[in-house]
Amino acid sequence: MTRPSVSTPDEPSVPPGATAPATPAGPDGGGGDGPHGPEGPGGPDGPGGPEPTGDGARRRRRRWIWGGVSVVLLSLLAGVLFIPTPYYLLEPGSVRPAETRVEVEGARSYDSRGDILFTTVYVDQATLATLLRGALDDAVEIKSEEDVYGDKGRDASQQVNQQRMDLSKLIATKVALNYLGHPAEFTGHGATVLGLTKDSPAEGKLQVGDVITSVGGTPVAMPDDIRPALEGKVPGDPVAVTARRGSGADAKQIDTTITLGSAPVRQDDGTAPSTTAPAGAAPAAVRPVLGVSVDVDQPSLDSPVQVHIDSGDVTGPSAGLAWALAVVDRLTPGSLTDGRNVAVTGEILPDGTVGPIGGITQKVAAVKRAGVKMFLYPASTTPAEQREMKQIAGDAVQLKPVKDLREAVEVLAPGGLGASH
């Protein structure tokens, strides 16, 4: 930065008592009235200009000060805009091929044109700047941290979602193999306790994380093994339960006795009967229970056809239908998609039905941005979400709701498996 000039008194051009040099002759031979004249270069009106005054210097200083203040204020504003908030953005993620992630052993497999694509949602902690942007984008959803990760926090949620992805791959493989006529059955190493019901008879006997391995002397490899082990018993009966607590070198066996509780008997439609009966009516039927919610421990699939699915860094169960369709396509000749790239989402359930998933509108946006023309999704998606999906898709994406794996295959291959090449 150049320091402002300061006006100073004029100095004599020659020392006192000295003789001033003669002024050079002009072009006409005269004295100092040539082209530059007495006010030539360096004079008061020459290119050098007059010395700056005090007012000019002050104005320059004010401009520098205000410029500096502006820079500081802009820096502070930028810093504030990028401060993390307690909110998260659900944004359109990626669209990835599924079939190239499926490897098959024990049966002939086929490569085909086109691909089944699974979709993802990008979750990012919002800053003030991205929060404002997200509020203006119909394809972005703003959620609280608890909405996204639950009350147990981010790490626990990611661990659960990884487990759900692993289980979804097993379910998808079993459903696809059974659909094609290949034998496949689930197996596990017990029933992991996920929680205890209110007033559970297992309170103080079992805890979350315990793995039940035996009930009433009957081995338990899967959660479905518990109910047959309680046949012939009624609420109030004592039953011996064996469980494994901890893992690795810290694992220990727990042997306890639980007095069975009761729960309403399920009806044929899977719902519980009403607990309020008219006066004088017979009480609703009940069944004996341990009072715990469980899931399979270390699940695996027993089948002569071995299928390996590489899900990469994607977690959660929403790619289940895509995995099942990819396995079907790999095990049948021709192209299930008739050479097209088709995006798919939906959780696959053990009976082959397709369950609803979260982030469906973000996935439609991701499919549209990827240029994919068809999107299969759960028919059980809420009407409000389906309206949003249609609004985002417009005419660019053909939306196809499906109820189960069989219907999804029929949408992709109306002429039957192996008919498209």
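Draft legend 1. Seen up close, the overall build of the protein. Looking only at helices and strands, one finds 9 helices and 20 strands in the protein. Considering the protein as a whole, with its 421 residues, one finds that 35% of them fall into the buried category. Counting only carbon and sulfur atoms, one obtains 53% of the accessible surface of the protein, whose full area is about 24,400 Å².

Draft legend 2. Spotlight on unusual backbone geometry. The phi dihedral of Asp199 falls on the positive side, at around 55 degrees, and the residue is not glycine. Secondary-structure assignment places Asp199 in the loop between strand 6 (191–196) and strand 7 (211–215).

Draft legend 3. Representation of the nonpolar core within the structure. Formed by 41 residues in total, the largest nonpolar core has its most connected members in Leu321, Leu325 and Leu376. Among the elements of the structure, strand 2 (102–105), strand 3 (115–127), helix 4 (154–179), strand 15 (306–309), helix 6 (320–330), strand 16 (341–344), strand 19 (374–378) and helix 9 (405–412) are those that each provide at least two residues to this core. By residue number, the principal contributor to this core is helix 6, which donates 8 residues. Apart from the residues lying within four places of it in its own chain, the contact partners of Leu325 are Ile116, Leu336, Val344, Leu376, Leu405, Ala408, Val409 and Leu412. By size, the runner-up hydrophobic cluster in this structure holds 18 residues, among which are Ala202, Leu230, Ala243 and Leu290.

Draft legend 4. Fine view of the environment of Pro228. Looking at where Pro228 falls in the secondary structure, it is placed in helix 5 (residues 226–229). You can call Pro228 partly exposed: its relative accessible area is 46%. Residues Pro228 and Val215 lie 13 residues apart in sequence; the distance between their C-alpha atoms is 9.6 Å.

Draft legend 5. Main features of helix 8 (residues 383–393). Listing the buried residues of helix 8 in full gives Gln386, Met389, Ile392 and Ala393. Each buried residue of helix 8 lies within a common arc of 125 degrees when the element is viewed along its axis, so the set occupies one face. Away from the buried face of helix 8 by more than 90 degrees, exposed residues Pro383, Arg387, Lys390 and Gln391 are located. The first or second residue beyond helix 8 is Gly394, which carries a positive phi of 60 degrees.

Draft legend 6. Quick look at the packing of helix 6 against helix 9. Running from amino to carboxyl end, helix 6 crosses helix 9 at an angle of 60 degrees, the nearest separation of the two axes being 11 Å. On the basis of their axis angle, the class for helix 6 and helix 9 is oblique. Of the two elements, helix 6 crosses helix 9, and the hand of that crossing is right-handed. Between helix 6 and helix 9, the contacting residues are Leu321, Ala324 and Leu325 on the first element and Leu405, Ala408, Val409 and Leu412 on the second. The class makeup of the residues in the contact of helix 6 with helix 9 is 7 nonpolar, no polar and no charged.

Draft legend 7. Spatial organisation of a negative patch on the surface. Negative charge collects at one region of the surface, where Glu145, Glu146, Asp147 and Asp151 lie side by side. Within the element layout of this structure, Asp147 appears in helix 3 (residues 145–149). Since its relative accessible area comes to 55%, Asp147 is described here as exposed.

Draft legend 8. Fine view of the packing of aromatic side chains. Counting across every chain of the model gives 3 aromatic pairs. Centroid distance Tyr88 to Tyr149: 5.3 Å. Interplanar angle 85 degrees. Geometry classified as edge-to-face. Here the residue Tyr88 occupies a position in strand 1 (residues 84–97), and Tyr149 occupies one in helix 3, the gap between them amounting to 61 residues. The same class applies to Tyr88 as to Tyr149, namely buried. A centroid spacing of 5.0 Å and a plane angle of 45 degrees characterise the contact between Phe118 and Trp323, whose relative ring orientation is tilted. On the criterion of sequence distance, the pair formed by Phe118 in strand 3 and Trp323 in helix 6 is long-range, its members being 205 residues apart. The same class applies to Phe118 as to Trp323, namely buried.

Draft legend 9. Structural detail: the layout of surface pockets. Its boundaries defined by the atoms lining it, the largest pocket holds a volume of some 1,300 Å³. What lines the largest pocket is a set of 42 residues, among which Val121, Val123, Val148, Asn161 and Thr315 lie closest to the centre. Contributing elements (two or more residues each) for the lining of the largest pocket: strand 1, strand 3, strand 4 (141–144), helix 3, helix 4, helix 7 (360–369) and helix 8. Counting residues per element, the lining of the largest pocket draws most heavily on helix 4, which supplies 8 residues. Contributions of two or more residues to the lining of the second largest pocket are made by helix 4, strand 6 and strand 13 (292–296). A per-element tally of the lining of the second largest pocket places helix 4 first, with 7 residues.

Draft legend 10. Focus on the sheet that holds strand 16. Within the open sheet, the 6 strands sit side by side as 4-1-3-16-19-20. Their pairing is mixed. Edge positions in the sheet fall to strand 4 and strand 20 (398–402), since each of these pairs with one other strand and no more. Strand-to-strand twist across the sheet, computed as the mean angle between neighbouring axes with direction ignored, equals 35 degrees. In this structure, strand 19 lies alongside strand 20, joined through 5 bridges in parallel fashion. Within strand 20, the residue paired with Tyr377 across the bridge is Pro401. Against the sheet, helix 7 engages strand 1, strand 3, strand 4, strand 16 and strand 19, with an angle of about 50 degrees to strand 1. Against the sheet, helix 9 engages strand 3, strand 16, strand 19 and strand 20, with an angle of about 150 degrees to strand 20.

So, how was this worked out
Residues numbered from 1 in each chain as written. Predicted model: local features only at pLDDT ≥ 70, side-chain atom pairs only at ≥ 80, totals over all residues. Heavy atoms only, no water. Helix = DSSP H or I, 4+ residues; strand = E, 2+ residues; numbered from the N terminus. Buried < 20%, exposed > 50% of the residue type's maximum accessible area, 1.4 Å probe, protein only. Areas by Shrake-Rupley, 256 points an atom, 1.4 Å probe, with all protein chains shown as cover. Core = buried A, V, L, I, M, F, W, Y, C linked by side-chain atoms within 4.5 Å. Contact = heavy atoms within 4.5 Å. Arc of directions from axis to C-beta. Axes fitted to C-alpha atoms, helices over the stretch in contact; angles between N-to-C directions. Parallel < 35°, antiparallel > 145°, perpendicular 65-115°, else oblique. Left-handed = near helix turned anticlockwise from the far one by under 90°. Nonpolar A, V, L, I, M, F, W, Y, C, P; charged D, E, K, R; others polar. Patch = residues over 30% accessible without salt bridge, like charges linked within 9 Å, V, L, I, M, F, W, Y side chains within 5 Å. Salt bridge = Lys/Arg side-chain N within 4 Å of Asp/Glu carboxyl O. Lys, Arg positive; Asp, Glu negative; His and termini not counted. Charge placed at Lys NZ, Arg CZ, Asp CG, Glu CD. Phe/Tyr/Trp six-rings, centres within 6.5 Å; stacked < 30°, edge-to-face > 60°. 1 Å grid on protein atoms, 1.4 Å probe; cavity = no way out; pocket = protein on both sides within 12 Å on 5 of 7 lines; lining within 4 Å. Points joined across faces, edges and corners; volume = space filled by probe spheres on them. Pairing = 2+ DSSP bridges.

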